[in-house]
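Chain by chain, the residues run as shown.
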Amino acid sequence: MRTAPVNSVASIDQPSAASHLSIRNVTKVFPGKKGMFNKLSGKTKRDFVAVQDISLDIEPNTFVTIIGPSGCGKSTLLNMIAGLSPISGGEILLNGMPITGPGPDRGMVFQNYALMPWMTVEENLRFAVETVDLKISPKRRDRIIKEHIQLVGLTGAERKHPHELSGGMRQRVGIARALAINPQILLMDEPFGALDALTRGFLQDEVERIWEQERKTVIMITHSIEEALLLSDRIVMMTRGPAARVDEILEVPFPRPRNRETIEQHPAYHDLKAEMESHLFRETRAVEAARMGG
Ligand code: ADP
Ligand code: MG
């Protein structure tokens, strides 16, 4: 049974609650090493255009997923939003200000968790909170940590180290840590990609529940059509690379709170699913054809 949470958890004060993200004509070029000659292909390595001319507006408090064939440039785009990878052309604006590097207004959840292995669950969160707010009082800090550990269902595991936790629990820490800094935008790069199907299902439900409570702007990359349909308000479908673009954006009309069973009953479910399947199939087949020299 779902329990409806009422109050939001304690959080760090951040300057603005709005989070309008505007991606304008963004291109990413990975430079080839000058004059590097590839003996196998007999060619000189050229610059590689990963994504080209991507424009996308992300409204505050929406859950957006990005889906596209493997290697098309999803992580490249997310890393530019995170400020972890420089933009080659165009700009990304957060509330009108260009993104030039990482910042506490964006929280990142990685597929491989990226926790500090020598720190306990509690210490991983404390480190993040103190990095963002140097002057936070210990009392407030501890309350934020406690409530976020509770939010992701890890109460009791505060003193454990990452190696003592299952993959699903580690990713709960990753999510708690990202949320504890109260970012305007939560960025998730295939957060459940390394988990078994059952754990993945549990965590998807948890993220749905947490999203109902927090209503953060979320941008999440996924390979899973079902996951995208369960969680998103909008689904951005990218074309294959090189020079990947946004192909189409789907609006997901299912009312919230959602669960797997109820959304499958919705009249739009099967059409949306079929559309995504055919997009992924077409793009992936073209990638394979190009690889075979077709
Ligand atoms: P996705 O996340 O959609 O699977 P990526 O964003 O990781 O794809 O990669 C997109 C393309 O950019 C791929 O062809 C990949 O090989 C290339 N790429 C990614 N990172 C680099 C890099 N640091 N240098 C050169 N090419 C890269
Ligand atoms: Mg990726």
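Use the structure listed above.
Residues numbered from 1 in each chain as written. Chains lettered and ligands numbered in written order. Predicted model: local features only at pLDDT ≥ 70, side-chain atom pairs only at ≥ 80, totals over all residues. Heavy atoms only, no water.

## A few points about helix 1 (residues 74-82)
Then, in step 1: Across the nine residues that make up helix 1, a large majority, seven, are buried.
Then, in step 2: When helix 1 is considered as a whole, its buried residues turn out to be Lys74, Thr76, Leu77, Leu78, Met80, Ile81 and Ala82.
Then, in step 3: After helix 1 finishes, the residue glycine 83 shows a positive phi value of roughly 85°. (Buried < 20%, exposed > 50% of the residue type's maximum accessible area, 1.4 Å probe, protein only. Helix = DSSP H or I, 4+ residues; strand = E, 2+ residues; numbered from the N terminus.)

## Looking at the layout of surface pockets
Then, in step 1: Put simply, the largest pocket is a space of about 490 Å³.
Then, in step 2: Among the secondary structure elements, those contributing two or more residues to the lining of the largest pocket are strand 8 (106-109), helix 2 (121-132) and helix 4 (167-180).
Then, in step 3: For the lining of the largest pocket, the per-class residue count stands at 13 nonpolar, four polar and two charged. (1 Å grid on protein atoms, 1.4 Å probe; cavity = no way out; pocket = protein on both sides within 12 Å on 5 of 7 lines; lining within 4 Å. Points joined across faces, edges and corners; volume = space filled by probe spheres on them. Nonpolar A, V, L, I, M, F, W, Y, C, P; charged D, E, K, R; others polar.)

## Quick look at the side chain of threonine 217
Then, in step 1: Relative to the elements of secondary structure, threonine 217 occurs in strand 10 (residues 217-221).
Then, in step 2: There is a polar contact of 2.8 Å between the side chain of threonine 217 and the backbone nitrogen of asparagine 61. (Polar contact = N/O pair within 3.5 Å; in protein donor to acceptor, adjacent residues only side chain to side chain.)

## Some words on unusual backbone geometry
Then, in step 1: Each neighbour pair has its own omega, and for glycine 241 with proline 242 the value is -10°, a cis peptide bond.
Then, in step 2: Within the fold, proline 242 resides in the loop between strand 11 (234-238) and strand 12 (246-251).
Then, in step 3: Across the junction of arginine 256 and proline 257, the peptide omega takes the value -5°, indicating a cis bond.
Then, in step 4: Relative to the helices and strands, proline 257 is located in the loop between strand 12 and helix 7 (260-265).
Then, in step 5: Notably, alanine 114 is not glycine yet its phi reads approximately 50°, a positive angle.
Then, in step 6: The class of alanine 114 is partly exposed, set by a relative accessible area of 38%.

## What to know about helix 8 (residues 269-291)
Then, in step 1: With 23 residues, helix 8 ought to run about 33 Å at 1.5 Å a step, and its terminal C-alpha atoms sit 33 Å apart, in line with that.
Then, in step 2: When we look at burial in helix 8, the residues that qualify are Tyr269, Leu272, Met276, His279, Leu280, Glu283 and Val287.
Then, in step 3: In this structure, the buried residues of helix 8 make contact with strand 5 (63-67), helix 6 (225-231), strand 11, strand 12 and helix 7.
Then, in step 4: Immediately downstream of helix 8, the backbone of glycine 293 shows phi near 85°, a positive value. (Expected span 1.5 Å × (residues − 1). Contact = heavy atoms within 4.5 Å.)

## As for empty space enclosed by the protein
The probe, sized like a water molecule, is rolled over the atoms to show the empty space still left.
Then, in step 1: Summed over all chains, the structure comprises one cavity of 30 Å³ or more.
Then, in step 2: For the largest cavity, the calculated volume is near 80 Å³.
Then, in step 3: Forming the boundary of the largest cavity are Phe63, Ile175, Leu179, Leu186, Met188, Val207, Ile210, Trp211, Glu214, Lys216 and Val218.
Then, in step 4: Put simply, the parts of the chain that give the lining of the largest cavity at least two residues each are helix 4, strand 9 (185-189) and helix 5 (197-214).
Then, in step 5: No other element matches the four residues that helix 5 contributes to the lining of the largest cavity.
Then, in step 6: Of the residues contributing to the lining of the largest cavity, the split by class is nine nonpolar, no polar and two charged.

## Some words on the packing of helix 2 against helix 3 (residues 138-151)
Then, in step 1: Between helix 2 and helix 3, the least distance of the axes is 10 Å, while the angle of their chain directions is 125°. When the axis of helix 2 is compared with that of helix 3, the two are oblique. As for the relative orientation of helix 2 and helix 3, their crossing is right-handed in sense. Contacts from Val121, Glu122, Leu125, Arg126, Val129 and Glu130 of helix 2 reach helix 3 at Arg141, Ile144, Ile145, His148 and Ile149.
Then, in step 2: Of the residues contributing to the contact of helix 2 with helix 3, the split by class is six nonpolar, one polar and four charged. (Axes fitted to C-alpha atoms, helices over the stretch in contact; angles between N-to-C directions. Parallel < 35°, antiparallel > 145°, perpendicular 65-115°, else oblique. Left-handed = near helix turned anticlockwise from the far one by under 90°.)

Treat this as a map of the structure, not an account of what it does.
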